[in-house]
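Observations on chain architecture
Spelled out, the chains give:
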Amino acid sequence: MPISSAGIGSGLDVESIITQMMALERKPIDKLELQAASIETKISAYGELQSIVSDFRDAALALTQPGTWSATTGSSADSNSVGVSTSDSAAPGSYAVEVQKLAAAQSAASGFFGSGTAYVGTGTLHIDLGSWNADQTAFTAQAGKTGVDIAITAADTLASVRDKNNAANAGVRATILTDATGARLVLSSKTTGEANGFRISAVDGDGNNADAAGLSALAFDPASGIGNLTQTQAAANAQATINGLPVTSATNTLADTIQGVTLKLTKETTGPVQITVSEDTASIQTKIAAFVTAYNDLAKLLSSQTKYDDATKTAGLLQGEGTAVSLQRQLRSLLGSRGGESDMFSTLSDVGLEIQPDGTLKTNSTKLAKALENLSDAKSLFSAYDEDTASNNGIARRLRELGDSVLSTDGLLSARSAGLTTTLQRNEERQDQLEERLEASEARMRAQYTALDTKMATLSALSSYMTQQVEAWNNSKK
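Residues numbered from 1 in each chain as written. Predicted model: local features only at pLDDT ≥ 70, side-chain atom pairs only at ≥ 80, totals over all residues. Heavy atoms only, no water.

Between helix H7 (residues 375-383) and helix H8 (residues 395-407), the least distance of the axes is 3 Å, while the angle of their chain directions is 20 degrees. The angle between H7 and H8 falls in the class roughly parallel. Counted together, Leu381, Phe382 and Ser383 of H7 and Ile395, Ala396 and Arg397 of H8 form the full contact between these two elements. The residue inventory of the contact of H7 with H8, partitioned by class, reads four nonpolar, one polar and one charged. (Axes fitted to C-alpha atoms, helices over the stretch in contact; angles between N-to-C directions. Helix = DSSP H or I, 4+ residues; strand = E, 2+ residues; numbered from the N terminus. Parallel < 35°, antiparallel > 145°, perpendicular 65-115°, else oblique. Contact = heavy atoms within 4.5 Å. Nonpolar A, V, L, I, M, F, W, Y, C, P; charged D, E, K, R; others polar.)

Going through the model one piece at a time under the given rule, you end up with ten salt bridges. When the shortest N-O distance is used, the salt bridge between Arg57 and Asp404 registers 2.9 Å. Of this pair, Arg57 sits in helix H1 (residues 14-62) while Asp404 sits in helix H8, and the two are 347 residues apart along the sequence. Classification of Asp404 as partly exposed rests on a relative accessible area of 30%. (Salt bridge = Lys/Arg side-chain N within 4 Å of Asp/Glu carboxyl O. Buried < 20%, exposed > 50% of the residue type's maximum accessible area, 1.4 Å probe, protein only.)

Looking now at the side chain of Asn427. Residue position: Asn427 is located in helix H9 (residues 412-477). With residues up to four places along the chain from it excluded, the contact list for Asn427 reads Leu32, Gln35 and Ala36.

On to the environment of Thr454, then. For Thr454, the location among the structural elements is in helix H9. Taking the relative accessible area as the measure of exposure, Thr454 reaches 39% and is therefore partly exposed. Along the backbone, Thr454 and Met21 are 433 residues apart, and their C-alpha atoms lie at a distance of 22 Å.

Bringing the sheet that holds strand S8 (residues 172-179) into the picture now. Taken together, four strands build an open sheet; the order of strands is S8-S9-S4-S13 and the sheet is antiparallel. Of all strands in the sheet, those with a lone pairing partner are S8 and strand S13 (230-233), marking the two edges. Each strand axis lies, on average, 30 degrees off the axis of its neighbour in the sheet, ignoring direction. In terms of strand pairing, S8 meets strand S9 (residues 182-189) through eight bridges, oriented antiparallel. Paired with Thr175 across the strands is Val186, a residue of S9. Sheet contacts for helix H3 (residues 158-167): S8 and S9; angle to S8, the most-contacted strand, approximately 155 degrees. (Pairing = 2+ DSSP bridges.)

Now for the packing of helix H4 (residues 281-306) against helix H5 (residues 322-335). Where H4 contacts H5, the two axes come as close as 10 Å, and the packing angle between them is 140 degrees. When the axis of H4 is compared with that of H5, the two are oblique. Pair H4 / H5 crosses with left-handed handedness. Residues Tyr295, Leu298, Leu302, Ser303 and Thr306 of H4 lie in contact with H5, whose contacting residues are Ala324, Val325, Leu327, Gln328, Leu331, Arg332 and Leu335. A per-class count over the contact of H4 with H5 returns eight nonpolar, three polar and one charged. (Left-handed = near helix turned anticlockwise from the far one by under 90°.)

We now examine the sheet that holds strand S17 (residues 261-265). Strand order in the open sheet formed by three strands is S2-S17-S16, and the pairing between neighbours is antiparallel. The open sheet has two edge strands, strand S2 (82-86) and strand S16 (253-258), and neither has a second partner. Each adjacent strand pair in this sheet contributes to an overall mean axis angle of 25 degrees, direction not counted.

Time to look at the packing of aromatic side chains. Within a pair of aromatic rings, the relevant descriptors are the distance that separates the centres and the angle that separates the planes. Applying the stated criterion to the full structure yields seven aromatic pairs. Put simply, the rings of Phe56, Trp69, Phe291, Tyr295 and Phe382 pair up and form one aromatic cluster. (Phe/Tyr/Trp six-rings, centres within 6.5 Å; stacked < 30°, edge-to-face > 60°.)

This is the structure we're talking about:
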């Protein structure tokens, strides 16, 4: 009968022997696993570091952008009448804006119908966009545009005429106003301005295109003597003066009439409204604050990851890592260096960004606000660019360049992360090789013990047989 469990034939604790021997042979694998865990931890730490460096690089980049330093803000002495917004192309200045007339869209209303479900007749409405002269004796259609025809059937009600008009994209919007007297169709230009008035003619199914009966009740063409719609508002341009100079606009938004400034006209005024465009130092302070926060996050991470804590006897994840230490050193060097070509500010502390003993930055808000009163010099400190002499570049520009460099494909951080990844792959390959060898060794040992068990079982059976034979022989002599 074959041996089915190692040790049965020999009486040895084979499983225990094999387990202990395999544990000894696994020592190199255990060591590799510990090394792999350490490498993975470092890769993770470098991944976090790259993310923080990227945030800091972006914050530094923001301080090198021309738009940051040319940002402006606008204020209005009467924002209910004239609103203001600015872009970075606006120049600081003061403007007196007076609104004589707001831009308006032409609007006209029909006579009364019983309700929105009343039928209006059959035929075709034709809508043209253009401008009327002062007494509406002449209409000039918009150049390059053709009128729009809207077919009306006997099944169409006032409501469906409205819907067909709005679907026709003719530049005129229709609504229905209903009160105790009845329902009226109100037509209004979609866009304000003198050039966006409208003319409506009808080809009436009843044969009379001018009377107030049938579809011609919706016609409006004063130049032809047809005024079946009542005009409630004429198309008009906005009229205003800026510092005494007259300006007009088809809309109530004056965009770039003053370069980089948008004025929103909402009410006619009885006198000039003072508009002030000034440098937006508040937005600059916000971006500088973001820069300080991003740097401090990076500095704190590097400090915690590279230090050794004597009290707890623990090392940071990147303690002794030359790459991290080198980055920390470069950052501190640049932060404390002189930058730009300003005669007034040469270091960050000059504008209120003070380096602390732990390597972080602290903002002296009063000093920073005062420095930003000299915007050109502050801009130079952060963002100056000298193609020939890099040391003349602004501090934020040099820090951004450092960020680009270490994050590039072959940069300091990327190269170290790639190197650790390669080391981890080799470690895992070695573990796989040793695991295969260990499996083979265990299989060999089990085979050897199985053979031993078989041999021992045979010898045990032979011993029992011999004993039986000797006892039988002895018994036969008695």
